[in-house]
Amino acid sequence: MIPASIQMLVENALKHNINTTKSPLRITIHAGTDGITVTNNLQMRKNVGTSGTGLGNLRRQYTLYGKEINVVKNEREFSVLMPFVD
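Report follows, based on the coordinates. Computed from a prediction, not measured in an experiment: that's the story for all the values here.

1. A short note on unusual backbone geometry
Here is step 1: Even without being a glycine, alanine 4 presents a positive backbone phi close to 65°.
Here is step 2: Following the sequence through the fold, alanine 4 ends up in the segment before α1 (5–16).

In C-alpha cells:
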C-alpha cells in the first residue's frame with residue numbers, strides 16, 4: 001500500500017462532497033484479496049473545483065510499482081481500488 005493513500009482518498013471525499021446531518025457522507029474502506037477499496041456516496045459540492053491532482057499523484061505513485069488503481073464513478077458512488085504492492 002502506498003503510504004497515506006487511504007487518508008488522501010478520505011480527505012478528497014470530504015473536500016468534494018456535502019456532509020451534513022441531513023445528507024451524511026458515507027465512506028467505506030474494504031480490504032479484499034486484491035487490495036483496498038475506498039468508496040463514498042456522491043453528493044458533490046458546487047463550489048469546489050476538481051483538478052484531479054490527488055488521483056493523478058496516486059496513479060503515478062502506483063505506476064512506480066508497476067500497478068494501476070481502478071477508479072469507478074457513477075451517479076451514486078465514487079470508488080477507488082488500490083492494489084497491494086510488493
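Now that the structure has been shown, we can carry on.
2. Some remarks on the sheet that holds strand β1 (residues 27–31)
Picture the strands of a sheet paired through backbone hydrogen bonds; they go either parallel or antiparallel.
Here is step 1: Ordered in space as β1-β2-β4-β3, the 4 strands form an open sheet in which the pairing is antiparallel. This sheet does not close on itself; its edge strands, each paired only once, are β1 and β3 (70–73). Across the sheet, the mean angle separating the axes of adjacent strands is 10° when strand polarity is ignored.
Here is step 2: The pairing of β3 with strand β4 (residues 77–83) spans 4 bridges and is antiparallel. Across the sheet, the residue bridging to lysine 73 is phenylalanine 78, located in β4.

3. A look at the pairing of β4
Here is step 1: Counting buried positions over the 7 residues of β4 gives 5, a clear majority of the element.
Here is step 2: Examined bridge by bridge, strand β2 (residues 35–41) and β4 share 7 bridges and lie antiparallel to one another. Looking at the pairing, threonine 37 lines up with leucine 81 of β4.
Here is step 3: In sequence, β3 turns back onto β4 through a hairpin of 3 residues.

4. What to know about the nonpolar core
Here is step 1: Counting 14 residues, the largest nonpolar core has Leu9, Leu55, Leu58, Tyr62, Ile69, Val80 and Met82 as its most contacted members.
Here is step 2: Residue assignment for this core shows that the elements contributing at least two residues are α1, β2, α2 (53–63) and β4.
Here is step 3: If we skip the residues at most four places from it in the chain, tyrosine 62 touches Met1, Ile2, Ser5, Lys67, Ile69, Met82, Pro83 and Val85.

5. Considerations on the side chain of asparagine 17
Here is step 1: Mapped onto the fold, asparagine 17 is located in the loop between α1 and β1.
Here is step 2: A distance of 3.0 Å separates a polar atom in the side chain of asparagine 17 from the backbone oxygen of alanine 13.
Here is step 3: Residues contacting asparagine 17, with those up to four places away along its chain left out, are Leu25, Asn40, Asn41, Leu42, Gln43, Met44 and Arg45.

What counts, and at which threshold
Residues numbered from 1 in each chain as written. Predicted model: local features only at pLDDT ≥ 70, side-chain atom pairs only at ≥ 80, totals over all residues. Heavy atoms only, no water. Helix = DSSP H or I, 4+ residues; strand = E, 2+ residues; numbered from the N terminus. Pairing = 2+ DSSP bridges. Axes fitted to C-alpha atoms, helices over the stretch in contact; angles between N-to-C directions. Buried < 20%, exposed > 50% of the residue type's maximum accessible area, 1.4 Å probe, protein only. Core = buried A, V, L, I, M, F, W, Y, C linked by side-chain atoms within 4.5 Å. Contact = heavy atoms within 4.5 Å. Polar contact = N/O pair within 3.5 Å; in protein donor to acceptor, adjacent residues only side chain to side chain.

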